[in-house]
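# Examining the three-dimensional arrangement
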Amino acid sequence: MSQPPLNQTRADFVAAVDHVIRERKTLKVLRDPGDCADLPFEVAAQLRAAVRESLEVAGWAPFHKPAHKETHLQGGPASIVPWRFYVLEKPALCALLKRLRAQALANPDSKWSRAWETKITRVIAGTGALVMTTWLPDPGPDGGAPVLNENNQEHIAAASAAIQNLMLAAEARGLQTYWSTGGILNDGEVFDWLGIPRAQKLAGAVFLAPTELPGDAFEGGSWRDKRGGPAEWSIWVDADRLAAPDVLA
Ligand SMILES: Cc1cc2nc3c(=O)[nH]c(=O)nc-3n(C[C@H](O)[C@H](O)[C@H](O)COP(=O)(O)O)c2cc1C
């Protein structure tokens, strides 16, 4: 059971936790990719501190199975947790955009040129930081492609819990958040550029933006207000439906 901090009542603690969960919302900060620019020094320093703290908190997510040792724990960060966070600050994001632009220009009518026209380039230009979050699959039978077995489902679930932790911690620190599938960021070559082993899989490209960042446009999540309420997603199981022949009598 979690205890409130010493200076807080249980009621205040509940209110703060519930509040950040309800207040978290998708916000995409969109900017012309040609306008990607470093953040002012002070903003960058504050953002770095907030991201560091949020990563530290995010790491307290539950996980059930350690990552596959031979595949993921040889070289590089060696934690057994089945997720990894790759942080890109603004200079890296602008460099990434330049690289994507060069690929698009060099390869007309390719995945690169098509990706350049998608929203992801505008989000990269608009955000303050990007946390590429991967999950670490167990290899498939005979070392082949991973399959959706129980271990891998649990690795995905754990990485997702870590992402939600990261976003709640970031939201509490005043950042805008957006969990994206990633589009072209999920490409093997982009993984190579970023130093992400291809044995890892993208769980989410998490965009974090301080509120003071300029944007050309701001977009919320499409499903935000379409989720319904608990009556539409929760079922309380009645003891009656479990009635079994009384073999113990
Ligand atoms: C696994 C996952 C992937 C997502 N990928 C995208 C995405 O690629 N593009 C997008 O616009 N939103 C994406 N979202 C954000 C959802 O659209 C958003 O969470 C939803 O509309 C509900 O809005 P809310 O986050 O404000 O509650 C993703 C969310 C999750 C959990």
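Residue numbers restart at each chain and count upward from 1, following the sequence in its written direction. Since the coordinates come from a predicted model, pLDDT governs what is reported: local features require at least 70, and pairs of side-chain atoms require 80 or more to be given and counted, while whole-chain, interface and lining totals use all residues. To obtain the side-chain values, all non-hydrogen atoms of the structure were used and water was disregarded.

### What to know about the overall build of the protein chain
So the rule is basically this: Each helix is a run of H or I in the DSSP string that is no shorter than four residues. Each strand is a run of E no shorter than two, and both are numbered from the N terminus. To sort residues, take the accessible area from a 1.4 Å probe on protein chains only and compare it with the maximum for the residue type: under 20% means buried, over 50% means exposed, and anything in between is partly exposed. The contact definition used throughout considers only heavy atoms, calling two residues in contact when any of these lie within 4.5 Å. With residues, only the protein chains shown are counted as cover, and all accessible areas are computed by Shrake-Rupley using a 1.4 Å probe. His is not counted, nor are the chain ends, whereas Lys and Arg count as positive and Asp and Glu as negative. Where a charge lies is defined by one atom per residue type: Lys uses NZ, Arg uses CZ, Asp uses CG and Glu uses CD.
Helices and strands together make up the secondary structure of the protein chain, namely 9 helices and 6 strands. Overall, the protein chain is about 80 × 55 × 35 Å in size when its C-alpha atoms are taken along their principal axes. When each of the 249 residues of the protein chain is scored for burial, the buried share is 37%. Counted over contacts in the protein chain with a minimum sequence separation of 6, partners at least 24 positions apart contribute 78%. Looking at the protein chain as shown, the accessible area adds up to about 14,700 Å², and 56% of this sits on carbon and sulfur atoms. Distance from the positive charge centre (26 side chains) to the negative charge centre (29 side chains) of the protein chain: 4 Å.

### What about the nonpolar core?
Using the following cut-off: By nonpolar core is meant a set of buried Ala, Val, Leu, Ile, Met, Phe, Trp, Tyr and Cys residues that side-chain atoms within 4.5 Å join together.
Counting residues in each nonpolar core, the largest one holds 28 residues, and the members touching the most others are Leu100, Ile124, Leu130, Met132, Leu185 and Phe207. Secondary structure elements with two or more residues in this core: β2 (83-88), α4 (90-106), α5 (111-116), α6 (119-126), β3 (129-135), α8 (188-194) and β5 (201-210). Sort the elements by how many residues they give to this core and α4 lands first, with 6 residues. Contact partners of Leu100, with chain neighbours within four places excluded, come to Trp112, Trp116, Ile124, Ile184, Val190 and Trp193. Val29, Leu47, Met167 and Ala170 belong to the second largest nonpolar core, which has 26 residues in total.

### Here's the deal with the side chain of Lys90
Quick reminder of the rule: Salt bridges are defined as contacts in which a side-chain nitrogen from Lys or Arg sits within 4 Å of a carboxyl oxygen from Asp or Glu. Two N or O atoms form a polar contact when they lie within 3.5 Å of each other; inside protein one atom must be a possible hydrogen donor and the other a possible acceptor, and for residues adjacent in sequence the pair counts only when both atoms belong to side chains.
As for its position among the elements, Lys90 is in helix α4. The side chain of Lys90 is buried and forms no salt bridge, while Asp38, the nearest opposite charge, is found at 7.9 Å. At a separation of 2.6 Å, a polar atom in the side chain of Lys90 contacts the main-chain carbonyl oxygen of Ala125. Not counting residues within four places of it along the chain, the set of residues in contact with Lys90 comprises Cys36, Ala37, Asp38, Leu39, Ile124, Ala125, Gly126, Thr127 and Gly128.

What is shown is where atoms sit, not what they do.
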